[in-house]
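# Descriptive analysis of the structure
Spelled out from the first residue to the last, the chains are:
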Amino acid sequence: MPGLSRDSGDWTRRSFLAAAVGGTLATAVGISRAGKDPKKAQIGITLDLEMSRHYPKRGMLEWDYQKGNLDEATKQYSLRAARVAKERGGKIHFFCVGRVLEQPDIGWLQEIIKEGHPVGNHTYDHVNVWTKDPKQTQFRFQRSPWLIRGKEAADIVRENVRVTTLAMKERLGIVPDGFRTPGGSNNALNGREDIQKLLLDEGFRWVSSKYPAHKSGEIMKPPTLDVYASIVRAQAEAQPYVYPTGLIEIPMSPISDVTAFRSKYWKLEYFLKAVRLATEWAIENRAVFDFLAHPSCLVVEDPGFETIKLICDIVKDAGDKAQIVGLSTIADGVRG
Ligand SMILES: [Zn+2]
């Protein structure tokens, strides 16, 4: 159900639609990054702290109602991933669903913050910021409609963003480092000045909302060369830019873990190859690569942290051509 599930199955469908319509392609690198040192690629490794449907077992859908109720394995994976990245000279930018902060134990997240990894706002309940229908903002509100009675979709979104910021300040003692929309859209927040302004009002200077169109092949089949080529081509569509309101967009770079593993049943080796090609493209073009994944998915699909190690190793081997950064550093280099 487009607009309801905020997962990348929808991203892919939406992306194909958008691709069919035809998008604005390929501007990005030179234009949006004018003024930035063109000699260095910027690589972001981002993990969204939420539970994902069908993990750790297929058929597990209850997380749709409890996105922030992280299980122990997911918390431990997040912490260990942060350590793995740091040991290799990198860092991870996390995005936290606010409801995580209702859990009794947040020591793992405090440790992550202490080690210098940035954490952004991912809304309280993982709400759809695009919809104008209050019921479509989140599954939780369909089961428990009294929570949103009398509210417009925009009110629900604003409150979901604001309460997360508040929870992060009170429980973690930090101000959120940026905002990522739950789910993504090939259209990003283009033409949605209402949401752009809402985020600016809530204190954010950048958002990560775009997930560009790309092919991901047939379910349960190894990706073809055409699929890999499509993913590499999509990197040019995943470059940062500035909205007319002044808000900065830092897109998510395909392919996400949930698209690859959950939707297409990829093996880890296919995913590693796609991530390697995309990272290499970014380095070659001194561009941005914003890797997007979920510890709740990777803990099952990549228990040895191979993807994170791979990205860190590629960047290290690139010497002064690339660096791993938080997304705010990427935003610093974006000009309108
Ligand atoms: Zn999410």
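Quick look at the structure, then. Just so it is clear, the model here is predicted, and its values are computed rather than measured. (Residues numbered from 1 in each chain as written. Predicted model: local features only at pLDDT ≥ 70, side-chain atom pairs only at ≥ 80, totals over all residues. Heavy atoms only, no water.)

Moving on to the overall build of the protein chain. Within the protein chain one finds 13 helices and nine strands. Of the roughly 13500 Å² that the protein chain leaves accessible, carbon and sulfur atoms contribute 53%. (Helix = DSSP H or I, 4+ residues; strand = E, 2+ residues; numbered from the N terminus. Areas by Shrake-Rupley, 256 points an atom, 1.4 Å probe, with all protein chains shown as cover.)

Our focus in this paragraph is the pattern of salt bridges. Applying the stated criterion to the full structure yields 23 salt bridges. For Asp332, the salt bridge identified is with Arg205, shortest N-O distance 2.8 Å. Of this pair, Asp332 sits in helix 13 (residues 327–332) while Arg205 sits in the loop between helix 7 (193–201) and strand 5 (206–210), and the two are 127 residues apart along the sequence. Arg205 gets classed as partly exposed once you look at its relative accessible area, which sits at 39%. Here the residues in one salt-bridge network are Arg158, Arg162, Asp201 and Glu202, joined through shared partners. (Salt bridge = Lys/Arg side-chain N within 4 Å of Asp/Glu carboxyl O. Buried < 20%, exposed > 50% of the residue type's maximum accessible area, 1.4 Å probe, protein only.)

Turning to the nonpolar core, a few remarks are in order. Ile43, Leu109, Trp266, Phe271 and Ile308 are the most contacted members of the largest nonpolar core, which has 68 residues in total. For this core, the leading source of residues is helix 10 (residues 268–284), giving ten residues. Apart from the residues within four sequence positions on either side, Ile43 is in contact with Thr279, Ala282, Ile283, Phe289, Ile311, Val315, Gln323, Ile324 and Val325. (Core = buried A, V, L, I, M, F, W, Y, C linked by side-chain atoms within 4.5 Å. Contact = heavy atoms within 4.5 Å.)

As a further point, take the environment of Phe289. Relative to the assigned elements, Phe289 resides in strand 8 (residues 288–293). Judged by relative accessible area, Phe289 falls into the buried class, the value being 1%. Once the C-alpha coordinates of Phe289 and Ile45 are considered, the two residues, 244 residues apart in sequence, prove to be 8.3 Å apart. Once residues lying within four places of it in the same chain are set aside, the contact partners of Phe289 are Gln42, Ile43, Gly44, Gln235, Ser253, Pro254, Val275, Ala278, Thr279, Ala282 and Ile311.

Our next topic: the packing of aromatic side chains. Tallied over the full model, the rule gives ten aromatic pairs. Between Tyr77 and Phe305, the aromatic rings sit 4.3 Å apart at their centres with planes inclined by 15°, giving stacked as the arrangement. Residue Tyr77 is located in helix 3 (residues 72–87), and its partner Phe305 is located in the loop between helix 11 (295–301) and helix 12 (306–317); the two are separated by 228 residues in the primary sequence. Seen in terms of ring centroids, Trp266 and Tyr270 are 6.3 Å apart; in terms of plane orientation they differ by 80°. Their pairing is edge-to-face. What makes Tyr270 buried here is its relative accessible area of 13%. What links up through ring pairs into an aromatic cluster is the set Phe261, Phe271, Phe289 and Phe291. Positioned over the ring face of Tyr265 is Arg58, at 3.8 Å from the centre of the ring. (Phe/Tyr/Trp six-rings, centres within 6.5 Å; stacked < 30°, edge-to-face > 60°. Lys NZ or Arg CZ within 6 Å of the ring centre and 35° of its normal.)

In this section: the coordination of the zinc ion. Taken together, the protein donors to the zinc ion comprise Glu50 (OE), Glu50 (OE), His122 (NE2) and His126 (NE2), at separations of 2.0 to 2.8 Å. With four donor atoms in place around the zinc ion and angles of 52 to 139° between them, the coordination shape is irregular. Along the chain, the residues donating to the zinc ion fall in the pattern E-x71-H-x3-H. (Donors = N, O, S within 2.8 Å, 3.2 Å for Na, K, Ca; no water. Tetrahedral: all angles 85-135°; square planar, octahedral: opposite > 155°, others 65-115°.)

Here we come to the pairing of strand 5. In terms of burial, strand 5 is largely enclosed, as five of its five residues are buried. When strand 4 (residues 179–185) meets strand 5, the two strands line up parallel, connected through three bridges. Opposite Phe179, over in strand 5, you have Val207 as the bridge partner. Assessed by its sense of winding, the connection that carries the chain from strand 4 through helix 7 to strand 5 is right-handed. Sheet topology places strand 5 next to strand 7 (residues 248–249); two bridges connect them, and they run parallel. Its bridge partner lying in strand 7, Val207 is registered against Glu249. (Pairing = 2+ DSSP bridges. Right-handed = clockwise from strand over helix to strand, strands pointing away.)

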